[in-house]
Amino acid sequence: MLFHLDKMSLSHRAGYVVGVLITLLALSHDCQARVHSHARFVRIEGTRFVVHGSDFVFNGFNSYWMMHVAAEPSERHKVSNTLREAAGAGLSVCRTWAFSDGGDRALQISPGVYDERVFQALDFVISEASRNGIRLILSFVNNFKDYGGRQQYVEWARNAGVNVNGEDDFYTNPTMKEYYKNHVKKVTTRLNTVTKIAYKDDPTIMAWELMNEPRCKADSSGRKVNGWVQEMASFVKSLDNKHLLEIGMEGFYGDSMPEKKVNNPGYQVGTDFITNNLSKEIDFTTIHAYPDIWLSGQNDSAQMAFMQRWMETHSIDSNRILKKPLVLAEFGKSNKDSGHSLGARDQYLITVYESMNKFERTGEGIGGSLVWQLMGEGMDLYGDGYGIILSQHASTRAVISAQSHKMTTFGRMLLGRKH
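Reading guide: rules and limits
Residues numbered from 1 in each chain as written. Predicted model: local features only at pLDDT ≥ 70, side-chain atom pairs only at ≥ 80, totals over all residues. Heavy atoms only, no water. Helix = DSSP H or I, 4+ residues; strand = E, 2+ residues; numbered from the N terminus. Buried < 20%, exposed > 50% of the residue type's maximum accessible area, 1.4 Å probe, protein only. Contact = heavy atoms within 4.5 Å. Areas by Shrake-Rupley, 256 points an atom, 1.4 Å probe, with all protein chains shown as cover. Salt bridge = Lys/Arg side-chain N within 4 Å of Asp/Glu carboxyl O. Expected span 1.5 Å × (residues − 1). Pairing = 2+ DSSP bridges. Axes fitted to C-alpha atoms, helices over the stretch in contact; angles between N-to-C directions. Parallel < 35°, antiparallel > 145°, perpendicular 65-115°, else oblique. Left-handed = near helix turned anticlockwise from the far one by under 90°. Nonpolar A, V, L, I, M, F, W, Y, C, P; charged D, E, K, R; others polar.

## So, the overall build of the protein chain
Here is step 1: Across its full length, the protein chain holds 13 helices and 13 strands.
Here is step 2: Counting the 419 residues in the protein chain, one finds 55% classified as buried.
Here is step 3: Restricting to contacts in the protein chain with at least 6 residues of sequence separation, those with at least 24 account for 73%.
Here is step 4: A total accessible area of about 17,900 Å² is found for the protein chain, and carbon and sulfur atoms account for 54% of it.

Written out as C-alpha coordinates, the structure reads:
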(Lines give C-alpha, C1' and ligand atoms only; values in the text may rest on other atoms or scores of the structure.)
Protein backbone atom coordinates (compact mmCIF):
# COMPACT_ATOMS: atom_id res chain seq x y z
CA MET A 1 0.00 0.00 0.00
CA LEU A 2 2.77 2.46 0.88
CA PHE A 3 4.57 1.67 -2.35
CA HIS A 4 1.50 2.40 -4.45
CA LEU A 5 0.79 5.56 -2.47
CA ASP A 6 4.25 6.92 -3.28
CA LYS A 7 3.60 6.38 -6.98
CA MET A 8 0.31 8.32 -6.84
CA SER A 9 0.05 11.74 -8.36
CA LEU A 10 -0.26 14.66 -5.95
CA SER A 11 -3.87 15.20 -6.90
CA HIS A 12 -4.71 11.55 -6.43
CA ARG A 13 -2.90 11.51 -3.11
CA ALA A 14 -4.86 14.55 -1.93
CA GLY A 15 -8.08 12.91 -3.03
CA TYR A 16 -7.16 9.78 -1.12
CA VAL A 17 -6.46 11.72 2.07
CA VAL A 18 -9.71 13.62 1.75
CA GLY A 19 -11.55 10.35 1.26
CA VAL A 20 -9.99 8.86 4.37
CA LEU A 21 -10.87 11.95 6.40
CA ILE A 22 -14.48 11.85 5.19
CA THR A 23 -14.73 8.19 6.13
CA LEU A 24 -13.28 8.83 9.59
CA LEU A 25 -15.64 11.75 10.13
CA ALA A 26 -18.60 9.63 9.06
CA LEU A 27 -17.58 6.85 11.45
CA SER A 28 -17.11 9.37 14.24
CA HIS A 29 -20.53 10.91 13.55
CA ASP A 30 -22.11 7.44 13.48
CA CYS A 31 -20.55 6.54 16.84
CA GLN A 32 -21.66 9.85 18.35
CA ALA A 33 -25.18 9.33 17.00
CA ARG A 34 -25.34 5.87 18.55
CA VAL A 35 -24.11 7.16 21.90
CA HIS A 36 -26.58 10.05 21.76
CA SER A 37 -29.42 7.72 20.79
CA HIS A 38 -28.60 5.30 23.58
CA ALA A 39 -28.43 8.16 26.09
CA ARG A 40 -31.94 9.25 25.11
CA PHE A 41 -33.57 6.07 26.41
CA VAL A 42 -35.66 6.61 29.54
CA ARG A 43 -33.88 5.06 32.52
CA ILE A 44 -34.58 4.45 36.19
CA GLU A 45 -32.60 5.94 39.06
CA GLY A 46 -34.13 4.84 42.33
CA THR A 47 -37.76 5.92 42.23
CA ARG A 48 -37.27 8.44 39.41
CA PHE A 49 -37.37 8.32 35.64
CA VAL A 50 -34.35 9.96 34.02
CA VAL A 51 -33.28 10.85 30.49
CA HIS A 52 -29.61 11.61 29.88
CA GLY A 53 -29.10 12.12 33.61
CA SER A 54 -32.02 14.56 34.04
CA ASP A 55 -35.25 13.76 35.88
CA PHE A 56 -38.12 12.94 33.56
CA VAL A 57 -41.59 13.64 34.97
CA PHE A 58 -44.37 13.64 32.44
CA ASN A 59 -47.94 14.37 31.57
CA GLY A 60 -49.25 11.89 29.02
CA PHE A 61 -52.25 10.15 27.52
CA ASN A 62 -53.73 6.92 26.21
CA SER A 63 -54.80 6.43 22.59
CA TYR A 64 -55.18 2.68 22.26
CA TRP A 65 -56.59 2.90 18.72
CA MET A 66 -53.61 4.31 16.82
CA MET A 67 -52.34 1.22 15.00
CA HIS A 68 -55.87 0.09 14.16
CA VAL A 69 -56.75 3.44 12.62
CA ALA A 70 -53.39 3.81 10.83
CA ALA A 71 -53.95 0.43 9.13
CA GLU A 72 -56.26 2.36 6.79
CA PRO A 73 -53.94 4.86 5.03
CA SER A 74 -56.79 7.31 4.38
CA GLU A 75 -57.30 7.61 8.16
CA ARG A 76 -53.67 8.17 9.16
CA HIS A 77 -54.22 11.91 9.45
CA LYS A 78 -56.21 11.18 12.63
CA VAL A 79 -53.08 9.72 14.21
CA SER A 80 -50.92 12.61 13.01
CA ASN A 81 -53.40 15.25 14.17
CA THR A 82 -53.87 13.69 17.61
CA LEU A 83 -50.12 13.41 18.20
CA ARG A 84 -49.54 16.98 16.99
CA GLU A 85 -52.30 18.37 19.22
CA ALA A 86 -51.01 16.32 22.18
CA ALA A 87 -47.50 17.69 21.71
CA GLY A 88 -48.97 21.18 21.51
CA ALA A 89 -50.56 20.62 24.92
CA GLY A 90 -47.20 19.55 26.35
CA LEU A 91 -48.05 15.85 26.52
CA SER A 92 -44.89 13.76 26.15
CA VAL A 93 -45.88 10.08 26.60
CA CYS A 94 -48.57 8.03 24.84
CA ARG A 95 -49.68 4.50 25.74
CA THR A 96 -51.09 2.45 22.88
CA TRP A 97 -51.59 -1.12 21.68
CA ALA A 98 -48.96 -3.18 19.86
CA PHE A 99 -51.48 -5.98 19.43
CA SER A 100 -54.58 -6.81 17.45
CA ASP A 101 -55.15 -10.56 17.53
CA GLY A 102 -57.63 -11.90 14.99
CA GLY A 103 -60.66 -9.96 13.77
CA ASP A 104 -60.79 -6.68 11.87
CA ARG A 105 -57.44 -5.17 10.82
CA ALA A 106 -55.61 -7.87 12.79
CA LEU A 107 -51.89 -7.48 13.30
CA GLN A 108 -51.58 -11.17 14.21
CA ILE A 109 -53.99 -13.07 11.98
CA SER A 110 -53.17 -16.42 13.57
CA PRO A 111 -50.26 -17.57 15.75
CA GLY A 112 -47.08 -16.36 14.08
CA VAL A 113 -48.89 -15.06 10.97
CA TYR A 114 -48.86 -11.27 10.61
CA ASP A 115 -50.41 -8.73 8.27
CA GLU A 116 -47.52 -6.61 7.00
CA ARG A 117 -49.95 -3.80 6.18
CA VAL A 118 -50.94 -3.50 9.85
CA PHE A 119 -47.34 -3.81 11.02
CA GLN A 120 -46.50 -0.88 8.75
CA ALA A 121 -49.31 1.02 10.46
CA LEU A 122 -47.52 0.52 13.78
CA ASP A 123 -44.28 1.62 12.09
CA PHE A 124 -46.10 4.80 11.07
CA VAL A 125 -47.40 5.42 14.61
CA ILE A 126 -43.90 5.13 16.06
CA SER A 127 -42.41 7.40 13.40
CA GLU A 128 -45.13 10.03 13.93
CA ALA A 129 -44.65 9.89 17.70
CA SER A 130 -40.93 10.47 17.21
CA ARG A 131 -41.59 13.36 14.84
CA ASN A 132 -43.75 15.02 17.51
CA GLY A 133 -41.35 14.37 20.40
CA ILE A 134 -43.69 11.89 22.11
CA ARG A 135 -42.51 8.66 23.73
CA LEU A 136 -44.58 5.48 23.60
CA ILE A 137 -45.56 2.73 26.02
CA LEU A 138 -46.51 -0.28 23.88
CA SER A 139 -48.67 -3.11 25.25
CA PHE A 140 -48.26 -6.69 23.98
CA VAL A 141 -51.71 -8.22 24.65
CA ASN A 142 -55.12 -7.52 26.16
CA ASN A 143 -56.66 -9.21 29.17
CA PHE A 144 -60.08 -8.56 27.64
CA LYS A 145 -61.54 -9.81 24.35
CA ASP A 146 -61.28 -6.43 22.64
CA TYR A 147 -58.74 -6.74 19.83
CA GLY A 148 -58.37 -10.44 20.56
CA GLY A 149 -56.82 -10.69 23.98
CA ARG A 150 -56.53 -13.83 26.09
CA GLN A 151 -59.77 -15.15 24.62
CA GLN A 152 -58.27 -15.23 21.12
CA TYR A 153 -55.19 -17.09 22.39
CA VAL A 154 -57.49 -19.68 23.97
CA GLU A 155 -59.39 -20.07 20.70
CA TRP A 156 -56.16 -20.50 18.74
CA ALA A 157 -54.91 -23.14 21.18
CA ARG A 158 -58.18 -25.08 21.06
CA ASN A 159 -58.18 -24.98 17.26
CA ALA A 160 -54.70 -26.53 17.44
CA GLY A 161 -56.09 -29.41 19.51
CA VAL A 162 -54.80 -28.20 22.87
CA ASN A 163 -56.88 -29.03 25.95
CA VAL A 164 -57.75 -25.67 27.51
CA ASN A 165 -60.13 -25.20 30.43
CA GLY A 166 -60.58 -21.46 30.15
CA GLU A 167 -58.95 -18.06 29.73
CA ASP A 168 -56.95 -18.31 32.95
CA ASP A 169 -54.97 -21.18 31.42
CA PHE A 170 -53.31 -18.42 29.39
CA TYR A 171 -50.95 -17.93 32.32
CA THR A 172 -49.80 -21.56 32.57
CA ASN A 173 -50.48 -23.40 29.30
CA PRO A 174 -47.20 -24.00 27.41
CA THR A 175 -48.76 -23.54 23.97
CA MET A 176 -50.30 -20.16 24.78
CA LYS A 177 -47.15 -19.02 26.54
CA GLU A 178 -45.21 -19.89 23.40
CA TYR A 179 -47.71 -17.94 21.25
CA TYR A 180 -47.19 -14.93 23.51
CA LYS A 181 -43.40 -15.17 23.48
CA ASN A 182 -43.38 -15.42 19.70
CA HIS A 183 -45.44 -12.24 19.49
CA VAL A 184 -43.15 -10.41 21.89
CA LYS A 185 -40.12 -11.42 19.83
CA LYS A 186 -41.82 -10.44 16.58
CA VAL A 187 -42.63 -6.96 17.90
CA THR A 188 -39.42 -6.15 19.76
CA THR A 189 -37.17 -7.23 16.88
CA ARG A 190 -39.26 -5.56 14.18
CA LEU A 191 -37.32 -3.26 11.81
CA ASN A 192 -39.39 -0.12 11.30
CA THR A 193 -39.98 0.36 7.57
CA VAL A 194 -40.26 4.15 8.02
CA THR A 195 -37.40 4.97 10.42
CA LYS A 196 -35.20 1.95 9.54
CA ILE A 197 -34.63 1.46 13.29
CA ALA A 198 -35.43 -1.81 15.06
CA TYR A 199 -38.06 -1.34 17.73
CA LYS A 200 -35.69 -2.64 20.41
CA ASP A 201 -33.18 0.08 19.46
CA ASP A 202 -35.63 2.99 19.23
CA PRO A 203 -35.65 5.46 22.17
CA THR A 204 -39.04 6.73 20.97
CA ILE A 205 -40.39 3.69 22.81
CA MET A 206 -40.24 4.43 26.52
CA ALA A 207 -41.42 1.04 27.75
CA TRP A 208 -43.06 -2.28 26.96
CA GLU A 209 -46.15 -3.47 28.79
CA LEU A 210 -46.75 -7.19 29.38
CA MET A 211 -50.56 -6.99 29.28
CA ASN A 212 -53.35 -4.47 29.52
CA GLU A 213 -54.95 -5.04 32.95
CA PRO A 214 -54.11 -8.69 33.72
CA ARG A 215 -56.74 -10.47 35.80
CA CYS A 216 -57.27 -14.07 36.92
CA LYS A 217 -60.54 -15.45 38.29
CA ALA A 218 -59.03 -18.88 39.00
CA ASP A 219 -56.61 -17.54 41.63
CA SER A 220 -57.54 -14.38 43.50
CA SER A 221 -54.28 -14.41 45.47
CA GLY A 222 -52.17 -13.17 42.55
CA ARG A 223 -49.78 -16.14 42.61
CA LYS A 224 -50.75 -17.56 39.20
CA VAL A 225 -50.31 -14.18 37.52
CA ASN A 226 -47.07 -13.71 39.41
CA GLY A 227 -45.52 -16.84 37.92
CA TRP A 228 -46.42 -15.65 34.44
CA VAL A 229 -45.05 -12.15 35.10
CA GLN A 230 -41.73 -13.54 36.31
CA GLU A 231 -41.32 -15.75 33.24
CA MET A 232 -42.41 -13.19 30.66
CA ALA A 233 -40.52 -10.27 32.19
CA SER A 234 -37.31 -12.30 32.04
CA PHE A 235 -38.05 -13.25 28.44
CA VAL A 236 -38.68 -9.64 27.34
CA LYS A 237 -35.45 -8.48 28.98
CA SER A 238 -33.52 -11.29 27.28
CA LEU A 239 -34.57 -9.77 23.95
CA ASP A 240 -34.35 -6.10 24.87
CA ASN A 241 -32.57 -4.70 27.90
CA LYS A 242 -32.57 -1.10 26.64
CA HIS A 243 -36.22 -0.35 27.25
CA LEU A 244 -38.16 -0.19 30.49
CA LEU A 245 -40.77 -2.81 31.29
CA GLU A 246 -44.01 -2.71 33.28
CA ILE A 247 -46.83 -5.18 33.81
CA GLY A 248 -49.95 -3.16 32.94
CA MET A 249 -51.60 -3.62 36.34
CA GLU A 250 -54.54 -1.72 37.77
CA GLY A 251 -53.10 -1.78 41.29
CA PHE A 252 -55.31 -4.25 43.15
CA TYR A 253 -53.73 -5.65 46.29
CA GLY A 254 -53.56 -9.42 46.89
CA ASP A 255 -52.75 -11.89 49.63
CA SER A 256 -49.08 -11.03 50.24
CA MET A 257 -50.04 -8.14 52.54
CA PRO A 258 -53.66 -8.82 53.60
CA GLU A 259 -53.90 -5.59 55.57
CA LYS A 260 -53.62 -3.62 52.32
CA LYS A 261 -56.66 -5.24 50.71
CA VAL A 262 -58.82 -2.71 52.53
CA ASN A 263 -57.64 -0.24 49.87
CA ASN A 264 -59.25 -2.26 47.09
CA PRO A 265 -62.72 -1.20 45.89
CA GLY A 266 -64.35 -4.15 47.68
CA TYR A 267 -62.93 -7.02 45.64
CA GLN A 268 -59.77 -8.64 44.18
CA VAL A 269 -59.01 -9.48 40.55
CA GLY A 270 -56.27 -12.10 40.86
CA THR A 271 -53.30 -9.76 40.96
CA ASP A 272 -51.07 -8.55 43.78
CA PHE A 273 -49.62 -5.07 43.46
CA ILE A 274 -46.77 -5.87 45.83
CA THR A 275 -45.50 -9.31 44.79
CA ASN A 276 -46.20 -8.91 41.07
CA ASN A 277 -44.06 -5.78 40.96
CA LEU A 278 -41.19 -7.16 43.03
CA SER A 279 -39.65 -8.85 39.99
CA LYS A 280 -36.27 -7.26 39.29
CA GLU A 281 -37.11 -7.17 35.58
CA ILE A 282 -40.12 -4.91 36.23
CA ASP A 283 -38.82 -1.35 36.16
CA PHE A 284 -41.82 0.66 37.31
CA THR A 285 -45.30 0.16 38.73
CA THR A 286 -48.66 1.26 37.38
CA ILE A 287 -52.15 1.87 38.63
CA HIS A 288 -55.41 2.47 36.81
CA ALA A 289 -58.30 4.24 38.48
CA TYR A 290 -62.00 4.19 37.59
CA PRO A 291 -63.95 4.98 40.74
CA ASP A 292 -66.94 5.93 38.57
CA ILE A 293 -67.09 2.26 37.51
CA TRP A 294 -65.67 0.51 40.59
CA LEU A 295 -67.83 2.53 43.00
CA SER A 296 -70.72 3.31 40.67
CA GLY A 297 -73.26 3.33 43.50
CA GLN A 298 -71.46 6.06 45.45
CA ASN A 299 -71.53 9.82 44.97
CA ASP A 300 -68.83 12.00 43.41
CA SER A 301 -67.37 12.95 46.77
CA ALA A 302 -66.91 9.32 47.85
CA GLN A 303 -65.45 8.42 44.48
CA MET A 304 -62.93 11.25 44.64
CA ALA A 305 -61.96 10.31 48.20
CA PHE A 306 -61.26 6.78 46.96
CA MET A 307 -59.24 8.14 44.04
CA GLN A 308 -57.01 10.18 46.32
CA ARG A 309 -56.46 7.26 48.72
CA TRP A 310 -55.72 4.95 45.76
CA MET A 311 -53.01 7.30 44.48
CA GLU A 312 -51.53 8.03 47.89
CA THR A 313 -51.39 4.40 49.08
CA HIS A 314 -49.73 3.18 45.89
CA SER A 315 -47.35 6.11 45.78
CA ILE A 316 -46.13 5.30 49.28
CA ASP A 317 -45.90 1.55 48.64
CA SER A 318 -44.13 1.97 45.31
CA ASN A 319 -41.57 4.29 46.88
CA ARG A 320 -41.03 2.62 50.25
CA ILE A 321 -41.66 -1.10 49.65
CA LEU A 322 -41.00 -1.64 45.95
CA LYS A 323 -38.59 1.29 45.55
CA LYS A 324 -39.71 1.87 41.98
CA PRO A 325 -41.34 4.78 40.11
CA LEU A 326 -45.13 4.79 39.84
CA VAL A 327 -47.26 5.85 36.86
CA LEU A 328 -50.98 6.60 36.99
CA ALA A 329 -51.45 4.83 33.66
CA GLU A 330 -55.23 5.18 33.19
CA PHE A 331 -57.76 7.59 34.65
CA GLY A 332 -60.60 9.69 33.37
CA LYS A 333 -64.23 10.64 33.77
CA SER A 334 -66.96 9.31 31.48
CA ASN A 335 -69.60 11.46 29.82
CA LYS A 336 -71.95 8.55 30.47
CA ASP A 337 -71.88 9.25 34.22
CA SER A 338 -75.04 10.73 35.66
CA GLY A 339 -74.84 14.50 35.98
CA HIS A 340 -71.93 14.65 33.56
CA SER A 341 -70.76 18.00 32.26
CA LEU A 342 -67.56 19.22 30.67
CA GLY A 343 -66.96 21.38 33.72
CA ALA A 344 -67.31 18.38 36.03
CA ARG A 345 -64.74 16.44 34.01
CA ASP A 346 -62.35 19.38 34.00
CA GLN A 347 -62.67 19.73 37.77
CA TYR A 348 -62.05 16.01 38.21
CA LEU A 349 -58.85 16.22 36.17
CA ILE A 350 -57.73 19.30 38.11
CA THR A 351 -58.27 17.51 41.44
CA VAL A 352 -56.36 14.42 40.29
CA TYR A 353 -53.49 16.51 38.95
CA GLU A 354 -53.34 18.60 42.15
CA SER A 355 -53.17 15.42 44.24
CA MET A 356 -50.35 14.12 42.05
CA ASN A 357 -48.43 17.35 42.39
CA LYS A 358 -48.82 17.28 46.16
CA PHE A 359 -47.30 13.79 46.29
CA GLU A 360 -44.42 14.96 44.09
CA ARG A 361 -43.59 17.71 46.56
CA THR A 362 -43.31 15.17 49.38
CA GLY A 363 -40.63 13.23 47.51
CA GLU A 364 -42.85 10.14 47.25
CA GLY A 365 -44.60 11.11 44.09
CA ILE A 366 -46.09 9.68 40.94
CA GLY A 367 -43.63 9.91 38.06
CA GLY A 368 -46.26 10.57 35.43
CA SER A 369 -49.89 10.21 34.45
CA LEU A 370 -51.72 9.06 31.31
CA VAL A 371 -55.27 10.33 30.93
CA TRP A 372 -57.76 7.99 29.23
CA GLN A 373 -58.11 8.86 26.37
CA LEU A 374 -57.29 11.28 23.55
CA MET A 375 -59.12 10.90 20.24
CA GLY A 376 -59.26 12.66 16.91
CA GLU A 377 -62.23 14.21 15.19
CA GLY A 378 -64.62 11.81 13.45
CA MET A 379 -63.79 8.83 15.66
CA ASP A 380 -67.15 8.07 17.24
CA LEU A 381 -66.69 4.33 16.62
CA TYR A 382 -63.77 4.32 19.07
CA GLY A 383 -65.56 6.32 21.75
CA ASP A 384 -66.15 4.80 25.17
CA GLY A 385 -67.41 7.86 27.02
CA TYR A 386 -63.95 8.99 28.13
CA GLY A 387 -62.76 10.50 24.87
CA ILE A 388 -61.11 13.92 24.83
CA ILE A 389 -60.72 15.79 21.54
CA LEU A 390 -58.29 18.61 22.27
CA SER A 391 -59.32 20.62 19.20
CA GLN A 392 -62.96 20.63 20.37
CA HIS A 393 -62.64 20.71 24.17
CA ALA A 394 -60.79 23.97 24.80
CA SER A 395 -61.33 24.04 28.58
CA THR A 396 -60.04 20.48 28.98
CA ARG A 397 -57.07 21.31 26.78
CA ALA A 398 -56.28 24.24 29.09
CA VAL A 399 -56.38 21.97 32.16
CA ILE A 400 -54.09 19.39 30.52
CA SER A 401 -51.69 22.05 29.21
CA ALA A 402 -51.41 23.61 32.67
CA GLN A 403 -50.48 20.24 34.16
CA SER A 404 -47.89 19.67 31.43
CA HIS A 405 -46.33 23.02 32.31
CA LYS A 406 -46.24 22.09 36.00
CA MET A 407 -44.53 18.78 35.20
CA THR A 408 -41.91 20.58 33.13
CA THR A 409 -41.34 23.11 35.90
CA PHE A 410 -41.08 20.35 38.48
CA GLY A 411 -38.53 18.51 36.36
CA ARG A 412 -36.40 21.65 36.17
CA MET A 413 -36.70 22.09 39.91
CA LEU A 414 -35.43 18.57 40.50
CA LEU A 415 -32.52 19.24 38.17
CA GLY A 416 -31.73 22.37 40.16
CA ARG A 417 -31.67 20.36 43.39
CA LYS A 418 -29.10 17.98 41.88
CA HIS A 419 -26.77 20.86 41.09
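Moving on, there is more to tell.
## As for the pattern of salt bridges
Here is step 1: Taken as a whole and judged by the stated rule, the model has 20 salt bridges.
Here is step 2: The closest approach of N and O atoms between arginine 150 and aspartate 168, which form a salt bridge, is 2.9 Å. Of this pair, arginine 150 sits in helix α6 (residues 149–159) while aspartate 168 sits in the loop between α6 and α7 (174–188), and the two are 18 residues apart along the sequence. For the residue pair arginine 150 and aspartate 168, the accessibility class agrees, reading buried in each case.

## Section: the environment of methionine 307
Here is step 1: Relative to the helices and strands, methionine 307 is located in helix α11 (residues 300–322).
Here is step 2: Note on methionine 307: relative accessible area 0%, which makes it buried.
Here is step 3: The sequence separation of methionine 307 and threonine 351 amounts to 44 residues, and the corresponding C-alpha distance is 9.8 Å.
Here is step 4: Sequence-distant contacts of methionine 307, that is, excluding residues within four places in its chain, are made with Ala289, Pro291, Leu328, Phe331, Tyr348 and Val352.

## Quick word on helix α4 (residues 76–88)
Every α-helical turn comprises 3.6 residues, leaving residues that sit three or four positions apart pointing alike.
Here is step 1: Relative to the 18 Å expected for 13 residues at 1.5 Å per residue, α4 spans 19 Å between its end C-alpha atoms, a close match to the ideal helical length.
Here is step 2: Regarding α4, the residues found buried are Lys78, Val79, Ser80, Thr82, Leu83 and Ala86.
Here is step 3: Residues of α4 that are buried in the fold lie against β4 (58–62), α3 (66–70) and α5 (116–131).
Here is step 4: Positive backbone phi, at 80 degrees, marks glycine 90, one or two positions downstream of α4.

## Describing the pairing of β4
The two faces of the sheet receive side chains in turn, since in a regular strand these alternate between them.
Here is step 1: Of all five residues that make up β4, five are buried, and the element is covered over most of its length.
Here is step 2: With burial as the criterion, each face of β4 is covered, one bearing Phe58, Gly60 and Asn62 and the other bearing Asn59 and Phe61.
Here is step 3: Relative to strand β13 (residues 368–372), β4 runs parallel, the two being bridged by five bridges. Pairing of asparagine 62 across the sheet is with tryptophan 372, part of β13.

## Focus: the environment of valine 154
Here is step 1: Take valine 154: it is sitting in helix α6.
Here is step 2: For valine 154 and glycine 166, which are 12 residues apart along the polypeptide, the C-alpha to C-alpha distance reads 7.1 Å.
Here is step 3: Discounting residues that sit within four places of it in the chain, valine 154 has contacts with Val164, Gly166, Glu167 and Met176.

## Looking at the packing of α11 against helix α12 (residues 342–362)
Here is step 1: At a minimum axis distance of 11 Å, the contact between α11 and α12 shows a crossing angle of 25 degrees. Our classification of the angle between α11 and α12 gives roughly parallel. The way α11 lies across α12 gives a crossing that is right-handed. Contacts between α11 and α12 pair Met304, Met307, Gln308, Met311, Glu312 and Ser315 from the former with Tyr348, Thr351, Val352, Ser355, Met356 and Phe359 from the latter.
Here is step 2: When grouped by side-chain class, the residues that make up the contact of α11 with α12 number seven nonpolar, four polar and one charged.

## A short note on the packing of α7 against helix α8 (residues 223–239)
Here is step 1: As a packed pair, α7 and α8 sit with axes 10 Å apart at the nearest point and diverge in direction by 30 degrees. When the axis of α7 is compared with that of α8, the two are roughly parallel. In this structure, α7 meets α8 at a crossing whose hand is right-handed. In this structure, α7 uses Lys177, Tyr180, Lys181, Val184, Lys185 and Thr188 to contact α8, whose residues at the interface are Trp228, Glu231, Met232, Phe235, Val236 and Leu239.
Here is step 2: The class makeup of the residues in the contact of α7 with α8 is seven nonpolar, one polar and four charged.

## Details of the sheet that holds strand β3 (residues 54–55)
Here is step 1: The strand order β1-β2-β3 describes an open sheet built from three strands, whose pairing is antiparallel. Edge strands, defined here as strands with exactly one partner in the open sheet, are β1 (42–45) and β3.
Here is step 2: Inspection of the sheet shows strand β2 (residues 48–51) paired to β3 by two bridges, in the antiparallel sense. Each bridged residue has a counterpart across the sheet, and for valine 50 the counterpart in β3 is aspartate 55.

## Focus: the sheet that holds strand β8 (residues 135–139)
Here is step 1: One open sheet holds the eight strands; their spatial order is β10-β9-β8-β5-β4-β13-β12-β11, and the pairing between them is parallel. Of all strands in the sheet, those bounded by a partner on one side alone are β10 (244–246) and β11 (285–289). Going across the sheet, the axis of each strand differs from the next one's by a mean of 25 degrees, ignoring polarity.
Here is step 2: As judged from the four bridges shared by β8 and strand β9 (residues 205–209), these two strands associate in the parallel manner. Across the sheet, residue isoleucine 137 finds its bridge partner in β9, namely alanine 207.

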